[in-house]
Amino acid sequence: MASPAEEGMSLATPEISDEAKKAEVEHFEQVIKAFQYYTPHALSVIRKAELSYQRLPPSHQAILQHLPEKALKQKQAVEVNQNFLGTIVEHAKSFICTSQLLHDARTQFAAIPSEEGLDMDKIRCTLRQFMRDWSEEGANERKQCYLPITDALEAYYSHYPVDQRYRLKVLLPGAGLGRLAYNVAKLGFSAQGCEFSYQMLLSSNYILNYAPGPKALPIHPWALSSSNVWDTDAHQLQQILVPDELPGGLPANVDFSMVAGDFLEVYRGQVGEWDCVATSFFIDTASNIVDYVQHIHSLLTDGGIWINLGPLLYHYTDSPDVDSIELSYSELRALILHYGFEIQQEKECTCYYTQNPSSMMHTIYNCSFFVAIKKPSRIPFSEPAANPYADRKIA
């Protein structure tokens, strides 16, 4: 199976300054350090709870005398998580060795003095992402968020013989840990995921290429999440086994790969080369969403389809130094039509995203789902459908 590194960074802009390369290496090394610093970070979280317990009146400590044992179990779960994260880093060399930008990057450091400058939230999020994409426990989220996309893809190309699907190229920007791209490839389509985040790229590189077997890798995604817990042992400290299936065994002739880089830059110049662009929880990552719509339209062949599912939780809303063009769905819909798409299907889908199924609290996304076809279409259409959300009422 193609590694994220095999095509990844080599597809980015070939000419880059030494200063830019140095900055990229520094950023990559900060990501590696964050993977390695998980244990000190986690122990500081647990230590706060331990100190809070120690400051309780003795009578209250007596009532809650099980809490030291709970902290011990958390530390054991942290050790398991660190072993898993460390294994990802051990396989990072296969990612680095074929990158034009990262040849000088290190994966071992004499000391990491503190978590200053390290994004530890993204490391904790990475563990939750493994639950979503590569565990049995994440099957319901994948059914909500991925199945509508693959169903629409199969339906639109139902006239294609299954053994000829490999001729159809599907691009999946914002591919994360690669599960949706892998699922598309399993259906017989040639699929390429594109991802910008090193946390996701390193993790997908490991799980897609080096996982030792199905359900061979234990993690505890919720070990540090002590709020809204029904039961500590059953829910907060729950062990999840990944991957739920070992990637591989794709149909004959299918080309499956992951690419590292900025979606707008990596595919510059690939006009009309893709039969489908599938976006899941992606389009709201744009600083300027017009760029995304325009770029997707240019990448598609005539009659190609854009399948989208996700919310509009714009990522740069609270970033004072980054522009953020934030459209309502109705405005986005008008933009899609403006660029020459026909909207074939459109509905609202309720989805979770990296949620603990057993938590007291869930964030629910009412996502837009649509299938838009680049005109001229392969099949005839009547007048464009009216916006089904124009008169939507919130109960």
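Residues numbered from 1 in each chain as written. Predicted model: local features only at pLDDT ≥ 70, side-chain atom pairs only at ≥ 80, totals over all residues. Heavy atoms only, no water.

> Can you tell me about the packing of helix α5 (residues 67-90) against helix α7 (residues 120-134), naming the residues and giving the values?
Taken N-terminus to C-terminus, the directions of α5 and α7 make an angle of 90 degrees; their axes are 12 Å apart at the nearest point. Taken together, the axes of α5 and α7 lie roughly perpendicular to each other. Along its contact with α5, which presents Asn81, Phe84, Leu85 and Ile88, the element α7 presents Ile123, Leu127 and Phe130. Taken together, the residues of the contact of α5 with α7 sort by class into six nonpolar, one polar and no charged. (Axes fitted to C-alpha atoms, helices over the stretch in contact; angles between N-to-C directions. Helix = DSSP H or I, 4+ residues; strand = E, 2+ residues; numbered from the N terminus. Parallel < 35°, antiparallel > 145°, perpendicular 65-115°, else oblique. Contact = heavy atoms within 4.5 Å. Nonpolar A, V, L, I, M, F, W, Y, C, P; charged D, E, K, R; others polar.)

> Give me the lowdown on α7, citing residues and values where you can.
Side chains three or four residues apart in an α-helix point the same way, a direct result of the helix having 3.6 residues per turn. The terminal C-alpha atoms of α7 lie 21 Å apart, and with 15 residues this matches the ideal 21 Å at 1.5 Å per residue to within 8%. Considered for burial, the residues of α7 that qualify are Met120, Ile123, Thr126, Leu127, Gln129, Phe130, Met131, Arg132, Asp133 and Trp134. (Expected span 1.5 Å × (residues − 1). Buried < 20%, exposed > 50% of the residue type's maximum accessible area, 1.4 Å probe, protein only.)

> An account of empty space enclosed by the protein is needed here, citing residue identities and associated values.
In this structure the tally under the stated criterion is one cavity of 30 Å³ or more. In this model, the largest cavity occupies a volume close to 60 Å³. Every residue lining the largest cavity is listed: Tyr38, Asn81, Arg124, Leu127, Arg128, His220, Pro221, Trp222, Ala223, Leu224 and Ser225. Here the lining of the largest cavity takes three residues from α7, the largest share from any one element. (1 Å grid on protein atoms, 1.4 Å probe; cavity = no way out; pocket = protein on both sides within 12 Å on 5 of 7 lines; lining within 4 Å. Points joined across faces, edges and corners; volume = space filled by probe spheres on them.)

> Describe the pattern of salt bridges, listing the residues and the values that go with them.
Inspection of every chain in the model, using the stated rule, returns 13 salt bridges. Salt-bridge contacts for Glu136 lead to Lys215; the nearest nitrogen and oxygen are separated by 2.3 Å. Highlighted residues: Glu136 in the loop between α7 and α8 (139-145) and Lys215 in the loop between α11 (198-209) and β3 (217-219), separated in sequence by 79 residues. In this structure, Asp244 and Arg142 form a salt bridge, with 3.3 Å as the shortest nitrogen-oxygen distance. Of the two residues, Asp244 sits in the loop between β4 (240-242) and β5 (256-260) while Arg142 sits in helix α8, which places them 102 residues apart along the sequence. Residue Arg142 is classed as buried on the basis of its relative accessible area of 8%. (Salt bridge = Lys/Arg side-chain N within 4 Å of Asp/Glu carboxyl O.)

> Can you tell me about helix α14 (residues 289-299), naming the residues and giving the values?
Of all the residues in α14, the buried ones are Ile289, Tyr292, Val293, His295, Ile296, His297 and Leu299. The opening residue of α14 is Asn288, an N-cap whose side-chain oxygen sits 3.1 Å from the backbone nitrogen of Val290. (Polar contact = N/O pair within 3.5 Å; in protein donor to acceptor, adjacent residues only side chain to side chain.)

> Account for the environment of Val259, naming residues and giving values.
Of note, Val259 is situated in strand β5. Accessibility expressed as a relative area gives 0% for Val259, which makes it buried. Sequence spacing of Val259 and Leu172 is 87 residues, and the spatial spacing of their C-alpha atoms is 10.0 Å.

> How would you sum up the environment of Leu72? Please name residues and give values.
Note on placement: Leu72 falls in helix α5. Overall, Leu72 belongs to the partly exposed group, its relative accessible area being 39%.

> I'd love a proper account of the sheet that holds β5, names of residues and values included.
Strands sit in the order β5-β2-β1-β6-β7-β9-β8 across an open sheet of seven strands; the sheet is mixed. This sheet does not close on itself; its edge strands, each paired only once, are β5 and β8 (341-351). Ignoring strand direction, the axes of neighbouring strands in this sheet form an average angle of 15 degrees. Relative to strand β7 (residues 300-310), strand β6 (residues 274-280) runs parallel, the two being bridged by six bridges. In the strand pairing of β7, Ser280 is matched with Leu309. Contacts from helix α15 (residues 329-338) reach β7, β8 and β9 (365-374), with the element oriented near 155 degrees to β8. (Pairing = 2+ DSSP bridges.)

> Now, about the pairing of strand β2 (residues 190-195): what can you tell me, with residues and values included?
Within β2, six of the six residues are buried, leaving the element largely enclosed by the surrounding structure. Side chains Ser190, Gln192 and Cys194 project from β2 onto one buried face, and the interleaved Ala191, Gly193 and Glu195 project onto a second face that is buried too. With five bridges joining them, strand β1 (residues 169-173) and β2 adopt parallel strand pairing. Each residue of the ladder has a partner; that of Leu171, found in β2, is Gln192. Strand direction decides the pairing type here: β2 and β5, joined by five bridges, are parallel. Paired with Gly193 across the strands is Met258, a residue of β5.

> Could you give an account of unusual backbone geometry, with specific residues and numbers?
With an omega of -10 degrees, the peptide bond running from Val242 to Pro243 counts as cis. Relative to the helices and strands, Pro243 is located in the loop between β4 and β5. Of note, the phi angle at Asn228 is positive, near 55 degrees, even though the residue is not glycine. Looking at the secondary structure, you find Asn228 in the loop between β3 and α12 (232-236). Notably, Phe281 is not glycine yet its phi reads approximately 50 degrees, a positive angle. Its location among the elements puts Phe281 in the loop between β6 and α14. Its relative accessible area of 15% is what places Phe281 among the buried residues.

> Please set out the packing of aromatic side chains residue by residue, giving values where relevant.
Describing an aromatic ring pair means giving the distance of the ring centres and the angle of the ring planes. For the structure shown, the criterion picks out 19 aromatic pairs. Note on Phe281 and Tyr365: the rings are 5.6 Å apart at their centroids and 90 degrees apart in plane angle, and the pair reads as edge-to-face. Here the residue Phe281 occupies a position in the loop between β6 and α14, and Tyr365 occupies one in strand β9, the gap between them amounting to 84 residues. Put simply, the rings of Phe263, Tyr267, Trp274, Phe282 and Tyr292 pair up and form one aromatic cluster. Sitting above the plane of the Phe109 ring, Lys33 keeps its charged end 4.9 Å from the centroid. The cationic tip of Arg132 hangs over the ring face of Phe281; the distance from NZ or CZ to the ring centre is 5.5 Å. (Phe/Tyr/Trp six-rings, centres within 6.5 Å; stacked < 30°, edge-to-face > 60°. Lys NZ or Arg CZ within 6 Å of the ring centre and 35° of its normal.)

Note that every value here comes from positions in space, so none of it alone points to a role or purpose.
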